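Chain by chain, the residues:
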Amino acid sequence: MSAIEKNESFAGRSGYETWVFGILKYKILDAMRMQKRHGRWQPLEDEDDDDAIDRQFQQNGRWQESARPSSWGEPEAAFETEHFWQVFDACMIALPDNAARVFSLRELMGLSTDDICKELGIKENNCWVILHRARLRLRACIEQGWLKEETA
Amino acid sequence: MMMCKGATRLMSLKQDRPLTFREQISLRLHLSMCGACRECDRQFTLLHEAGEKFVQEHDPDKADDPQQDEDEH
């Protein structure tokens, strides 16, 4: 297990959570490499082929009335709300697997898309398409789950 | 003329690499006319900041140097 192999380098680190987090990054990369090796990786070159995204836009490329983004208020205020993070978690779980993985590597673990693509052996454009979709899904999900409840 | 859907592509891209001059201009032009997209742009930035906050608190490789990611671009 990579968790045990990494144990030695853990000595003196700041905490159990940090240690687990470091392992998680390798786990996610491993899972994706494995998927790719077995040919289950679906390249996503086509921007226009995602129902969940299409539902947010009209045919002419403008926002659907029901999906128009509204203000989330000040970021600092949002980050201090426990409820925001609960909704954020729930929305991450609702993402398709590969979208959640690439988004986690990029935004939660701070890897560059260049690094992610080198690690996974996919085209950088592919990463950008996946991230674009992940962000659109997340924003719609968070807005529904968080904002609408806050103002209710 | 770029529509909202195309504008969100650039807003997302902006979080991952610097936009080219041409991309910046067309995004700015669209945002100047579209309130919904300005909110979306703020939301993508907020998602990015939420991630950064999370990284700084948890990631052993980045915890000592939160600027590292910026320097790579």
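Think of each chain on its own: its residues are numbered from 1, step by step along the sequence as written. Following the order in which they are written, the chains are lettered starting with A and the ligands numbered starting with 1. Predicted model: local features are reported for residues with pLDDT of at least 70 only, side-chain atom pairs are reported and counted for 80 or more only, and whole-chain, interface and lining totals are derived from all residues. Values reported for side chains reflect all heavy atoms of the structure, with hydrogen atoms and water molecules removed beforehand.

1. Re the confidence of the model for chain B
Residues and elements named next belong to chain B.
Then step 1. Confidence of the prediction at every residue is given by pLDDT, a number between 0 and 100. Mean pLDDT over chain B works out to 83, with 75% of the residues at or above the 70 mark.
Then step 2. Helix and strand definitions follow DSSP, with helices as H or I runs of at least four residues and strands as E runs of at least two, each counted in order from the N terminus. Put simply, helix 4 (residues 68-71) is where chain B has its lowest mean pLDDT, 46, and helix 2 (residues 21-33) is where it has its highest, 97.
Then step 3. Our summary of model confidence lists the complex with pTM equal to 0.77 and ipTM equal to 0.80.

2. Description of the pattern of salt bridges
Then step 1. Criterion for a salt bridge: a side-chain nitrogen of Lys or Arg within 4 Å of a carboxyl oxygen of Asp or Glu. In the structure shown here, the tally under the stated rule is ten salt bridges over all chains.
Then step 2. One salt-bridge network, in which partners are shared between bridges, spans A:R106, A:E107, A:R135 and B:D16.

3. A closer look at helix 2 of chain B
Residue and element names in this part refer to chain B.
Then step 1. If you check helix 2, its first and last C-alpha atoms are 19 Å apart, about what 13 residues at 1.5 Å a residue would give, namely 18 Å.
Then step 2. Any residue under 20% of the maximum accessible area for its type is buried, any over 50% is exposed, and the rest in between are partly exposed; the area is computed with a 1.4 Å probe on protein chains only. Listing the buried residues of helix 2 in full gives E23, L27, H30 and L31. An end-on view of helix 2 places all buried positions within 100 degrees of arc, on one side of the element. Projecting away from the buried face of helix 2 at angles above 90 degrees are the exposed residues F21, R22, R28, S32 and M33. For a helix, the expected span equals 1.5 Å multiplied by the number of residues minus one. Arc, as used here, means the arc of the directions from the helix axis to the C-beta atoms.

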